[in-house]
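Here's the letter readout for the chains.
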Amino acid sequence: MKKSIKILFIIPIMVLCLCGCSKGWKKSVQISSLKYEDNYIKGRMKNLTDKAYDLTITFKVKSGSLIEKKYCYELLKPKDTIDLECIVYDIDDTYKIEIEDVEFNEIEIPKLTTGKIDVETLKYHFADIYKEHTLNFTSFTIDINDKNYPYIDEIEYKNDEIEINGKITKGTNSLYYYETFDTKKDQLKYLNVFVYSKDEDFINAIITKLSLMRSIFTSSNDVFSIMQVLQRKDIDYGYCIKVGNWCIGTDYSSSDDSFISFSFNRR
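Residues numbered from 1 in each chain as written. Predicted model: local features only at pLDDT ≥ 70, side-chain atom pairs only at ≥ 80, totals over all residues. Heavy atoms only, no water.

Visitor: Quick question: what am I supposed to make of the sheet that holds strand 5 (residues 52–63) here?
Guide: Whenever strands of a sheet pair, they do so through backbone hydrogen bonds, lying parallel or antiparallel. Spatially, 6-5-8 is the arrangement adopted by the three strands of the open sheet, whose pairing is antiparallel. Edge positions in the sheet fall to strand 6 (66–76) and strand 8 (96–107), since each has one partner strand and no second. Averaged over neighbouring strand pairs, the angle between their axes works out to 20° when direction is ignored. The pairing of strand 5 with strand 6 spans eleven bridges and is classified as antiparallel. In the strand pairing of strand 6, Thr56 is matched with Tyr73. (Pairing = 2+ DSSP bridges. Helix = DSSP H or I, 4+ residues; strand = E, 2+ residues; numbered from the N terminus. Axes fitted to C-alpha atoms, helices over the stretch in contact; angles between N-to-C directions.)

Right, here's the structure in full:
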């Protein structure tokens, strides 16, 4: 009996789950065995139903006697199979990862039209772009810690592009951003950021966070180079410096010394 139990634990299995009890999960959603790689819990997820869901996945991660819970949020379309990628920074690949619970919120499929759209429409019809945006701004929540994440004020869909703008505030400091995503490639094309602040610590924190945006850097070398460019005050207006896939411009020359702008253009 003991040998057979050990064999069962060694064989790779599919973890099948739906909210409620574990037996019910098997009827609706399928999640593969999981691994931790590049700061992400990764796997595959399949919806076995003709319904759309917002999922909240609770992971139990264990290292020795240390046991923690981690959370992930995914949108799952009817009959869809997706790559599950849940960002988690404070564990490593030695941790054992299990699914403790999956909560389901059934959603209506929003209608997509040209022009202004809401967050739910973006999230459903352009899931990869929504994920890119939210992951770009995840690190801002550490310092800002307000309830406005993912900081979206307005979204517009037109000509195979998604334009998103929003703001972030902390006391007297504020940041306004304008993103443009290519809907055919699901990638960021342009990013303009305007910072209003005289607080050097706030400005330096913004520079660091921009350098670490998921859509911007491709390697650790890029991060350092991007930070160096964003700190430069000698770049003439209308010019930019190429780093990786981007041409980056700065503007510290405003007569209002509390205003700084940064621009990223994909090349």
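That covers the picture; the talk isn't over yet.
Visitor: Mind showing me how you'd approach the sheet that holds strand 11 (residues 161–170) here?
Guide: Reading across the sheet, the eight strands line up as 9-10-11-12-13-16-15-14 and stay open at both edges, with antiparallel pairing between neighbours. Bordering the open sheet on either side are strand 9 (115–117) and strand 14 (241–243), each of which pairs with just one other strand. Between one strand axis and the next, the sheet turns by 20° as a mean value, whatever way the strands run. For strand 11 and strand 12 (residues 173–182), the ladder comprises ten bridges, and the chain directions are antiparallel. Bridge pairing in strand 12 links Gly166 to Tyr177. With respect to the sheet, helix 4 (residues 127–136) is in contact with strand 11 and strand 12, its orientation differing from that of strand 12 by roughly 155°. (Contact = heavy atoms within 4.5 Å.)

Visitor: I tried to follow the pattern of salt bridges on my own but got confused; where do I start?
Guide: Oppositely charged side chains may form a pair once their charged atoms are brought near each other. Considering all chains together, one arrives at 17 salt bridges under this definition. Two residues, Lys123 and Asp54, come together in a salt bridge whose shortest N-O distance is 3.2 Å. With Lys123 in helix 3 (residues 119–125) and Asp54 in strand 5, this pair connects stretches of sequence that are 69 residues apart. We classify Asp54 as buried; its relative accessible area is 15%. Note that Glu161 is salt-bridged to Lys189, the shortest N-O span being 2.6 Å. Of this pair, Glu161 sits in strand 11 while Lys189 sits in strand 13 (residues 187–196), placing them 28 residues apart in sequence. By relative accessible area, Glu161 is classed as buried at 18%. By sharing partners, the salt bridges in this structure join Lys35, Glu37 and Lys42 into a single network. (Salt bridge = Lys/Arg side-chain N within 4 Å of Asp/Glu carboxyl O. Buried < 20%, exposed > 50% of the residue type's maximum accessible area, 1.4 Å probe, protein only.)

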